[in-house]
Amino acid sequence: MHLGVNIDHVATLRQARYAATPELPNVEPSVLDAARAAMEGGADSITLHVREDRRHMQDADAFAVRREIPLPLNLEMGATPAMLDFALSLKPDYVCLVPERRQEITTEGGLDVAGRMEELRPLVAALLQNGSRVSMFIDPDLAQVEASAAIGAPMVELHTGRFANTQGAERAAETARLAAAARRAHELGVEVHAGHGIQVANMAELNAVPHLTELNIGHTIVARAVFVGLAAAVREMRCAIDSYQW
C-alpha cells in the first residue's frame, strides 16, 4: 500500500496570514518544508490540489515541489481547459481529476464521469500523452467505475468520505459499496486508490475493501502534526496503512 500525503492544508495555513503579502521574507509555513517532512515520515508521493481560485496552493508551490522533491507528484485538479493547460506545463507524475465547486471547503463527492464522458475523454488522452498517469476521483458506484475505464483512465480514486462520516449499518453498507467498486475496477484492469476522511482510527476497516494500492490522505495528518510534528504524523499513518491485508 502506498501513501500519498496531501499538503494542501499547510498552504491553507500560510494563506490565512500571508495571501496578500507572499513576497515577505518571513512567510510561513513552507510548502516545500512540509513536503520534505512528509518524505522523511515515509510518504510515497506528494499530493496537492491547485484550485482554479488558488485558495491555498499557488502555481509556484506546485512547480517548486515538482522541481525540489524527489517523490512522485500527484496533482489534483478540476477538469477544465485552464487546469489542463496548467497540468501540461507542470508535467506531474499523476493527475487526479476531481469535481470542484467554489463554495465548498474541500472536495465533496466524486466526479460524474458517466455524465461527462465525451468531455473528459480528450482531457484524459491529453494528460496521458503528456506523460501523466490519470486517476478519476469517483464515488464508489459501478457506473462511474465503468465509465472511468471506458474513457481510458488507468486509475480511479474511490471517495471514502461517506464511509468516514457514518457509523453502524450505514458504514457497513458504504464499505460494501467500496468493496464492490474496487472489485469491478480490478476486473477492468484499473488501479484502485482511495481517499477522503481516512484516519488512523478507521484504517483497519478498509481491510474489507480489496485491491487498494494507494491512499491519499491530508487533513488528518496535518491536524495530527499540530501536536507531534508532520514527519511523526506521517509515520503514524504509514504504520496504520501497513496493516492493510490485501
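Preceding this paragraph is the structure being described.
Small disclaimer: the values here were computed from a predicted structure and weren't measured. (Residues numbered from 1 in each chain as written. Predicted model: local features only at pLDDT ≥ 70, side-chain atom pairs only at ≥ 80, totals over all residues. Heavy atoms only, no water.)

Novice: Break down the overall build of the protein for me, citing the residues and quoting the values.
Specialist: Broken down by element type, the protein carries 11 helices and eight strands. Once the C-alpha set of the protein is aligned to its principal axes, its extents read approximately 50 × 40 × 35 Å. The 246 residues of the protein split such that 50% are buried. If you take every contact in the protein between residues at least 6 apart in sequence, the share linking residues at least 24 apart comes to 68%. When the accessible surface of the protein is totalled, it reaches about 10800 Å², and 53% of it is carbon and sulfur. (Helix = DSSP H or I, 4+ residues; strand = E, 2+ residues; numbered from the N terminus. Buried < 20%, exposed > 50% of the residue type's maximum accessible area, 1.4 Å probe, protein only. Contact = heavy atoms within 4.5 Å. Areas by Shrake-Rupley, 256 points an atom, 1.4 Å probe, with all protein chains shown as cover.)

Novice: Let's hear about unusual backbone geometry: which residues, and what values?
Specialist: Negative phi characterises most residues that are not glycine, and trans characterises most peptide bonds. Residue P29 follows E28 across a cis peptide bond; omega there is -5°. If you trace the backbone, P29 turns up in the loop between helix 1 (8–18) and helix 2 (31–41). Phi at R54 is positive, roughly 50°, even though this residue is not glycine. Residue placement: R54 occurs in the loop between strand 2 (45–49) and helix 3 (59–68). A residue is classified by how much of its surface remains accessible, and R54, at 24% relative accessible area, is partly exposed. Positive phi outside glycine occurs at H211, with the angle close to 70°. By the element assignment, H211 lies in the loop between helix 9 (200–203) and strand 8 (212–217). Judged by its relative accessible area of 26%, H211 falls in the partly exposed class.

Novice: Let's hear about helix 3: which residues, and what values?
Specialist: Every α-helix carries 3.6 residues per turn, so stepping three or four residues along brings you back to the same face. Of all the residues in helix 3, the buried ones are D61, A62, A64 and V65. Projection of helix 3 onto a plane perpendicular to its axis shows the buried side chains occupying an angular sector of 165°, all on one side. Exposed residues lying more than 90 degrees from the buried face of helix 3 are A60 and R67. Summarising the contacts, the buried residues of helix 3 are in contact with helix 1, helix 2, strand 2, strand 3 (73–78) and helix 4 (81–90). (Arc of directions from axis to C-beta.)

Novice: So what's going on with the packing of aromatic side chains? Which residues, and what values?
Specialist: Taken as a whole and assessed by the stated rule, the structure comprises one aromatic pair. Each ring, one from F63 and one from F86, has its centre 5.7 Å from the other, and the planes form 80°; the classification is edge-to-face. Pair noted here: F63 is in helix 3 and F86 is in helix 4, with a separation of 23 residues, a long-range link. Residue classification places F63 among the partly exposed residues on the basis of a relative accessible area of 29%. The lysine or arginine in question, R54, covers the ring of F86, its NZ or CZ lying 5.6 Å from the ring centre. R171 extends its terminal NZ or CZ atom over the ring of F163, reaching a point 5.0 Å from the ring centre. (Phe/Tyr/Trp six-rings, centres within 6.5 Å; stacked < 30°, edge-to-face > 60°. Lys NZ or Arg CZ within 6 Å of the ring centre and 35° of its normal.)

Novice: If you had to explain the side chain of S45 to someone new, which residues and values would you point to?
Specialist: You can see S45 is positioned in strand 2. Filtering out sequence-adjacent residues up to four positions away, S45 remains in contact with L3, G4, V5, L71, P72, E214 and N216.

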